[in-house]
Amino acid sequence: MDNLRHGWHWLLAFFFIFFAGALGFHYIVGLDWVDSAFYAVITLTTIGYSAPEGLTEAGKIFVIILVIVGIGSAGYALTQAARYLVLDRLLSVMGRRRKIKMDKIKNHWIICGIGKIGEEVARHLQRDGVPFIVLEIAERKVAWAREQGWIAQQGDARNEEALKSVYVENAKGIIAALTDDSDNVYVILTAKSLNPKIRAIARASDAQSSKILYKAGADKVVSPVIAGAAAIARSSVQPSVADFLELVNISKEIDIDFSSIRLEENNPLINTTLAEAPLRSKYNAIVIAIKKQDGSLIYNPPGHLLLEENDELIVFGERAMMAKLKSDVAKLKPKKEEGQ
């Protein structure tokens, strides 16, 4: 709206210059009103027809002043008016398109902050085909995120209205990746108040901040400093393991990934043994752990282990096969859920 108002100001300035020019041609040069308007237009637009006949010294001085002052001012006025009027229109159209895209998104993740951490998170989610919206306060970063093809909204993630603008009530999860730990606490508290079921992941600078974030309602807190230190220590003590994990998480050449699958009601894998399940034969997936309903973890589960309802399988395999496995499992949800 400010751009549109600014454009109209410059457009009014152009008409003022034109009106002053017409008055000068009428009273100083002595032309009638039609000719005065005509010469004012061709002078300001630099078309360059011949000067009026019988131009006096005063008339020549007036034309010189009008050319020096008027052409530059009028040209700039028209340029600015066109720029702001067109820009406002484009922004309006782009805003509607973004609104349409955001209206269609559901079960998405919200990335708060598009710094180095937020950027990498967005790239990983984009690669995995996970829907997400970036919420960033800096206009420059929002524009950059949109250039990457991401849905991005400008706003303060600590603000309730900003979170509502990215549909936090319908979001699957939120990632608080702001640089200030106290800001991330505000984000988690606000998000949880608007959507108690949302999964909240936060970035923390140290162990003390991690504790506070967990108390604020974060489901998972990651400290880049602590994680980085652990990776460095692992590289020095267990280099082979470190190299393998680095290939899994970073390398673009190896298309493998970790995933998790929950065995919900009516899943045909329930009450079968791990060896009987077609995870390896059909999807080439390796089950490296099983999380039971009570929260306990079974690492490297044996083939004779019986799979139960609400078991969460941590699997490892080719990215495409992991996506197919998750898709196939999603289709096995109870019919009463599908009709909701």
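All values derive from a computational prediction rather than experimental measurement. (Residues numbered from 1 in each chain as written. Predicted model: local features only at pLDDT ≥ 70, side-chain atom pairs only at ≥ 80, totals over all residues. Heavy atoms only, no water.)

Trainee: Give a description of the confidence of the model for the chain that names residues and reports values.
Mentor: One rule of thumb: low pLDDT means the predicted coordinates there are not for detailed reading. When pLDDT is averaged along the chain, the result is 79, and 75% of the positions lie at 70 or above. Here residues 334–340 is modelled with pLDDT under 50, and outside its nearest four sequence neighbours on either side it reaches six contacts, counting other chains as well. (pLDDT = per-residue confidence, 0-100. Contact = heavy atoms within 4.5 Å.)

Trainee: Pulling in residues and values, what's your account of helix 7 (residues 181–194)?
Mentor: Taking 1.5 Å of rise per residue, 14 residues should cover 20 Å, and helix 7 covers 20 Å from first to last C-alpha, within 8% of that figure. What helix 7 keeps buried is the set Asp181, Asp183, Asn184, Val185, Val187, Ile188, Thr190, Ala191, Lys192 and Leu194. (Helix = DSSP H or I, 4+ residues; strand = E, 2+ residues; numbered from the N terminus. Expected span 1.5 Å × (residues − 1). Buried < 20%, exposed > 50% of the residue type's maximum accessible area, 1.4 Å probe, protein only.)

Trainee: Run through the pattern of salt bridges, naming residues and quoting values.
Mentor: Taken as a whole and assessed by the stated rule, the structure comprises ten salt bridges. Glu119 is paired through a salt bridge with Arg123; the nearest N and O atoms lie 3.1 Å apart. Of this pair, Glu119 and Arg123 are both found in helix 4 (residues 116–127), four residues apart, which corresponds to roughly one turn of the helix. (Salt bridge = Lys/Arg side-chain N within 4 Å of Asp/Glu carboxyl O.)

Trainee: Give me the lowdown on the pairing of strand 2 (residues 132–136), citing residues and values where you can.
Mentor: Summarising burial for strand 2: five of the five residues are buried, a large majority. Burial along strand 2 is two-sided: Phe132, Val134 and Glu136 facing one way and Ile133 and Leu135 facing the other are all buried. Here strand 1 (residues 109–112) pairs with strand 2 via four bridges, running parallel. Within the sheet, the bridge partner assigned to Ile111 lies in strand 2 and is Val134. Remark: the strand 1/helix 4/strand 2 crossover connection has right-handed handedness. Inspection of the sheet shows strand 2 paired to strand 3 (residues 151–154) by four bridges, in the parallel sense. In the sheet register, Val134 faces strand 3, and the bridge partner there is Ala152. (Pairing = 2+ DSSP bridges. Right-handed = clockwise from strand over helix to strand, strands pointing away.)

Trainee: So what's going on with the side chain of Glu312? Residues and values would help.
Mentor: Residue placement: Glu312 occurs in strand 10 (residues 312–318). Residue class for Glu312 comes out buried when judged on its relative accessible area of 16%. In terms of polar contacts, Glu312 uses its side chain to reach the side chain of Ser260, at 3.3 Å. Side chain to side chain, Glu312 and Arg262 meet in a polar contact 3.2 Å long. Apart from the residues within four sequence positions on either side, Glu312 is in contact with Ser260, Ile261, Arg262, Ala289, Ile290 and Lys291. (Polar contact = N/O pair within 3.5 Å; in protein donor to acceptor, adjacent residues only side chain to side chain.)

Trainee: Can you explain the sheet that holds strand 6 (residues 220–222)? Please cite residues and give values.
Mentor: Taking strand neighbours across the sheet as the criterion, the six strands line up as 3-2-1-4-5-6 in an open arrangement whose pairing is parallel. In this open sheet, the two edge strands, each paired with only one partner strand, are strand 3 and strand 6. Between one strand axis and the next, the sheet turns through 20° on average, direction left out of account. With three bridges connecting them, strand 5 (residues 199–203) and strand 6 associate as parallel partners. Across the sheet, Ala202 pairs through a bridge with Val221, a residue of strand 6. Here helix 4 sits on the sheet in contact with strand 1, strand 2, strand 4 (173–176) and strand 5, set at roughly 160° to strand 1. Sitting on the sheet, helix 7 is in contact with strand 1, strand 4 and strand 5, with an inclination near 175° to strand 5. (Axes fitted to C-alpha atoms, helices over the stretch in contact; angles between N-to-C directions.)

Trainee: Go over unusual backbone geometry with me, naming the residues and quoting the values.
Mentor: Despite not being glycine, Tyr167 shows a phi value in the positive range, around 60°. Among the secondary structure elements, Tyr167 is positioned in the loop between helix 6 (160–165) and strand 4.

Trainee: So what about the packing of aromatic side chains? Which residues, and what values?
Mentor: In total, this model carries three aromatic pairs according to the counting rule given. Relative to Trp150, the ring of Phe132 has its centre 6.0 Å away and its plane inclined at 65°; by these criteria the two rings are edge-to-face. On the criterion of sequence distance, the pair formed by Phe132 in strand 2 and Trp150 in the loop between helix 5 (139–147) and strand 3 is long-range, its members being 18 residues apart. Each member of the pair Phe132 and Trp150 is classed as buried. Taken together, a centroid distance of 5.6 Å and an interplanar angle of 80° make the contact between Trp144 and Trp150 edge-to-face. A relative accessible area of 27% means that Trp144 is categorised as partly exposed. You can call Trp150 buried: its relative accessible area is 5%. These aromatic residues form a ring-pair network of at least three members: Phe132, Trp144 and Trp150. (Phe/Tyr/Trp six-rings, centres within 6.5 Å; stacked < 30°, edge-to-face > 60°.)

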